[in-house]
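# Analysis of the macromolecular model
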Protein chains: 2
Amino acid sequence: MAAKRSGALKKRSPRPAQEPRNEPPLSLERIVAAAVYLLDAEGVAGLTMRRLADRLGAGTMSLYWHVDNKGDVLDLALDAVLEYPGPPQPVVPGDWRAEVVHLLEHWRAGMLRHPWSASLLPGRALGPNILNRLELLGGILSRAGVADAELNAAIWSLWNHVMGATVTRASFDFSEDDRAAAQQRLARLGERYPTIERSRLLLDDDWDGTFRKGLDLLLDGLATRR
Amino acid sequence: MAAKRSGALKKRSPRPAQEPRNEPPLSLERIVAAAVYLLDAEGVAGLTMRRLADRLGAGTMSLYWHVDNKGDVLDLALDAVLEYPGPPQPVVPGDWRAEVVHLLEHWRAGMLRHPWSASLLPGRALGPNILNRLELLGGILSRAGVADAELNAAIWSLWNHVMGATVTRASFDFSEDDRAAAQQRLARLGERYPTIERSRLLLDDDWDGTFRKGLDLLLDGLATRR
DNA sequence: CAATTGACTCGTATGCTGTACGATGAGATG
DNA sequence: CATCTCATCGTACAGCATACGAGTCAATTG
């Protein structure tokens, strides 16, 4: 990722400077924190190298000392947001379903707090925090007795469910203002799409419930495989 | 979408022109076809309004007569690619599982032929072809006896599985060249991520099998809900 | 026939974007 | 003092979407 920056930690220069700098020196940590802030506040399109540098009180090109390109910033911001505090203790040890549910709901909640993360995840590098979560998930399933031959399919299916549910919600969670318009637009299509219309597929906003029900489908399916 | 273009179909001008035009006149159909071509050939980043116009032998700004903005082009290209020929006949009528499997595998195959479509789908408008597929899916499930209260969750879960599996495959299907590098990179992480390493989660390239197995999980879960 | 209208095309210009390159300076080391 | 490395940043460039207005024609109208 960052190429030029020397191997890990070095003594920081105290940086008195002639024109006195009122900002602390740049660092990967500061850059990533500012990037997350901008992404949260303005979305993916709102993060540009210029705005990022402005926010840090630095010149645009100074960023490129610490980072190879904008992709690095996105990779780092994404993985930073997906830090996992570690497997929870208060869960009943033998209850694999509860463990999976807790892991995935925590995961989903984290991504919903940073809606850009779901859309960013495919196509970006898998950082250590993401791998860590996959590892934990695989471990739970494996210990629960899922056969090795089924393990990858199980992991990916659960992963897809979390990603998909998060992305879907971000895409279709109409703001209250748009809601009336969406309602009307869909009503006009009622004749062509009667089932969708009747089930209010695109208007139902119980995303948490939908996520949970789908997860239960998968877990029920898994339960027959042990 | 297209704003200025008058209400639907009008007589086309034969367009002889003084400096003889060797290209047919622009039309939404030509624009969409060219956009799909560029997307297939160069990916999302390869589609720019300039290149699209060049390919059509037209000036860049001419496109904006037929289309409001680039988003329109993407919406139209996406929905064009997801056209559905209609429910297949040769399927056993009563076998809802086979119907769902056929519908979703056809869907997935279509998106894999145009890998950009999966990454584009969230965030873009739901065109008529997409809605049509959702309607068919909902109909099958409803007729199969899925309760209305469960219907939305079932539809979204299956939708997420198709989208997720397609996006996941596009993200992690390393080219043969990268494969050795990826292999080595992951081996180095083997100590930290033993389960992932053992299951070869990121190296397994049986995407079709993974998709099918995950789909069976969901369908098994659904089968208990009727 | 002449004048007008409307459909369509496109050149130019604006303000963004990521980033290549090279100049600049500070602190450490010789 | 001379060099070297770390770090910062101004300028420049190519490419992007698109606003605006001028241009060209065919069909319509008087």
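For the structure given in this document, a descriptive report is provided here. This one's a predicted model, so the numbers in the text were calculated from it and none came from an experiment.

All right, on to the relation of the copies chain A and chain B then. Taken as rigid bodies, chain A and chain B are interconverted by a rotation of 180° and an axial shift of 0.0 Å, the fit giving an RMSD of 0.0 Å. Expressed as an axis order, the relation between the two copies is that of a two-fold axis.

What follows deals with the pattern of salt bridges. Two side chains bearing opposite charge may form a pair once their charged atoms approach each other closely. Residue and element names in this part refer to chain B. One pass over the structure, following the stated rule, counts 18 salt bridges over all chains. Of the charged contacts, one joins Glu-42 and Arg-51 as a salt bridge, the two residues approaching to 3.1 Å between their closest N and O atoms. By relative accessible area, Glu-42 is classed as partly exposed at 45%. Where Asp-208 meets Arg-169, a salt bridge forms, and the shortest distance between an N and an O atom there is 3.8 Å. Here Asp-208 is found in helix H11 (residues 207–223), whereas its partner Arg-169 is found in helix H8 (residues 148–172), with 39 residues between them in sequence. Residue classification places Asp-208 among the partly exposed positions, given a relative accessible area of 45%. The class of Arg-169 is partly exposed, set by a relative accessible area of 23%.

So, about the packing of aromatic side chains. Under the counting rule described, the total for this entry stands at 10 aromatic pairs over all chains. With a centroid separation of 5.8 Å and an interplanar angle of 80°, the aromatic rings of Trp-107 of chain B and Trp-159 of chain B are classed as edge-to-face. Here Trp-159 of chain B lies in helix H8 and Trp-107 of chain B lies in helix H5 (residues 96–113), a separation of 52 residues in the sequence. The class of Trp-107 of chain B is buried, set by a relative accessible area of 1%. Three or more aromatic residues joined by ring pairs make a cluster, and in this case those are Trp-107, Trp-156 and Trp-159 of chain A together with Phe-172 and Trp-207 of chain B. The side chain of Arg-108 of chain A reaches across the aromatic face of Phe-211 of chain A, ending 4.6 Å from its centre.

What counts and what doesn't
Residues numbered from 1 in each chain as written. Chains lettered and ligands numbered in written order. Predicted model: local features only at pLDDT ≥ 70, side-chain atom pairs only at ≥ 80, totals over all residues. Heavy atoms only, no water. Least-squares fit on C-alpha atoms with pLDDT ≥ 70 in both. Salt bridge = Lys/Arg side-chain N within 4 Å of Asp/Glu carboxyl O. Buried < 20%, exposed > 50% of the residue type's maximum accessible area, 1.4 Å probe, protein only. Helix = DSSP H or I, 4+ residues; strand = E, 2+ residues; numbered from the N terminus. Phe/Tyr/Trp six-rings, centres within 6.5 Å; stacked < 30°, edge-to-face > 60°. Lys NZ or Arg CZ within 6 Å of the ring centre and 35° of its normal.

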